[in-house]
Structure formats: structure tokens, C-alpha cells
Amino acid sequence: MLEFLKPKNVKVAVAVAQLFRPAIHAIESSHGGVLPASALQDDYLIGYLAGAIAVAANFAGIVNPKLNGLTNLHFFDRLFPRHGLNICRAHPEKLENSDDYLKAYQDGITDFNKIIGDLGAMDLKSISGDLADMTHLREHIEQAYPLE
């Protein structure tokens, strides 16, 4: 589909997913090219990503709860094909019941707010791996998914 025809929420989801794709690829690479099932249950990883996409959607002016939910779904489906819906459904319960998830969500918000602040007047497509400082996520991945 032509880029200008895509809805804003899809554009946001694609732009942010592209930023995080290398981190997911690093996890896959450390496990023989396959994403371990444990990654889909990793409260820190999923919580961090949820916090980041929440900030990105807000930055893009997506405030309608239904549109925000669709943005999350597109984002997680791009990173974890066929698992986005399950991840999105679990989000409210995880926020309430998992301290790791809540901390990660807050870390994702903090880091992504810093990234957005570094953008100045640029848009989300301008974010690159060089600009993005995702120290919390990088440290978690190195600890939880060491190279084999």
C-alpha cells in the first residue's frame, strides 16, 4: 500500500516497530534464529515495548482509546507476528499485577520520552538506532538472552 494512504496509527506502529526490530532480531539470533517462547512471556520486554508505543502514539496525537488500541495491535503484530492480539489483551492485567511489567512500562515511557525530546521538531520516522538510547532494554536483553 502506498505510504500516504496508510492511517496515522499504522504509520506510527510501523515507524516504532522498525526501531525495535533490531532488538528482537538480536534475541532471535542468540537462539538459533527463532524467537524463544519465553520472550512472549517476558514481562520486562513486553512492558518496555508497551511503554514506548504509548509515548509514540501520544506524540503523534493518537488519543482515542480505540485508535490507540489498534496502534498497539499493529505494533506488536509487526514485532511478534500472530501474537499481537494476545499481548494487547494481557496488557491491562499485567499493568495491575506484575511489578516487573509496570517497571518496564515506566522505563519504556522514560526512555522513549527522552528519544522524543531528542527529536525536537522531527517526526517518528526520523528516529534511528543511533539516536535511540534504550539502555534499560539493552541491559535486559543482554542479561535475559545472552549470546549462546
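Because the structure is a prediction, the values reported are computed rather than measured.

Rules behind the numbers
Residues numbered from 1 in each chain as written. Predicted model: local features only at pLDDT ≥ 70, side-chain atom pairs only at ≥ 80, totals over all residues. Heavy atoms only, no water. Axes fitted to C-alpha atoms, helices over the stretch in contact; angles between N-to-C directions. Helix = DSSP H or I, 4+ residues; strand = E, 2+ residues; numbered from the N terminus. Left-handed = near helix turned anticlockwise from the far one by under 90°. Contact = heavy atoms within 4.5 Å. Nonpolar A, V, L, I, M, F, W, Y, C, P; charged D, E, K, R; others polar. Core = buried A, V, L, I, M, F, W, Y, C linked by side-chain atoms within 4.5 Å. Buried < 20%, exposed > 50% of the residue type's maximum accessible area, 1.4 Å probe, protein only. Arc of directions from axis to C-beta.

### Re the packing of helix H1 (residues 8-29) against helix H4 (residues 65-79)
Here is step 1 of the chain: Two numbers describe how H1 lies on H4: the axes approach to 8 Å, and their chain directions differ by 35°. For the element pair H1 and H4, the recorded crossing hand is right-handed. Packed against H1, whose contacting residues are Asn9, Val10, Val12, Ala13, Val14, Val16, Ala17, Phe20, Arg21 and Ile24, the element H4 presents Leu67, Leu70, Thr71, His74, Phe75, Arg78 and Leu79 at the interface.
Here is step 2 of the chain: For the contact of H1 with H4, the per-class residue count stands at 12 nonpolar, 3 polar and 2 charged.

### Let's talk about the nonpolar core
Here is step 1 of the chain: Residues Phe20, Leu45, Leu49, Phe75, Phe80 and Phe112 are the most contacted members of the largest nonpolar core, which totals 39 residues.
Here is step 2 of the chain: Among the elements of the structure, H1, helix H2 (37-40), helix H3 (43-59), H4, helix H6 (99-119) and helix H7 (135-144) are those that each provide at least two residues to this core.
Here is step 3 of the chain: Leave out the neighbours within four places in its chain, and Leu45 touches Ile24, Ile27, Ala39, Phe80, Leu137, His140 and Tyr145.

### A word on H7
Here is step 1 of the chain: Listed as buried for H7 are Leu137, His140 and Ile141. End-on, the buried residues of H7 take up no more than an arc of 100°, which puts them together on one face. In H7, those exposed residues whose orientation departs by more than 90 degrees from the buried face are Glu142 and Gln143.

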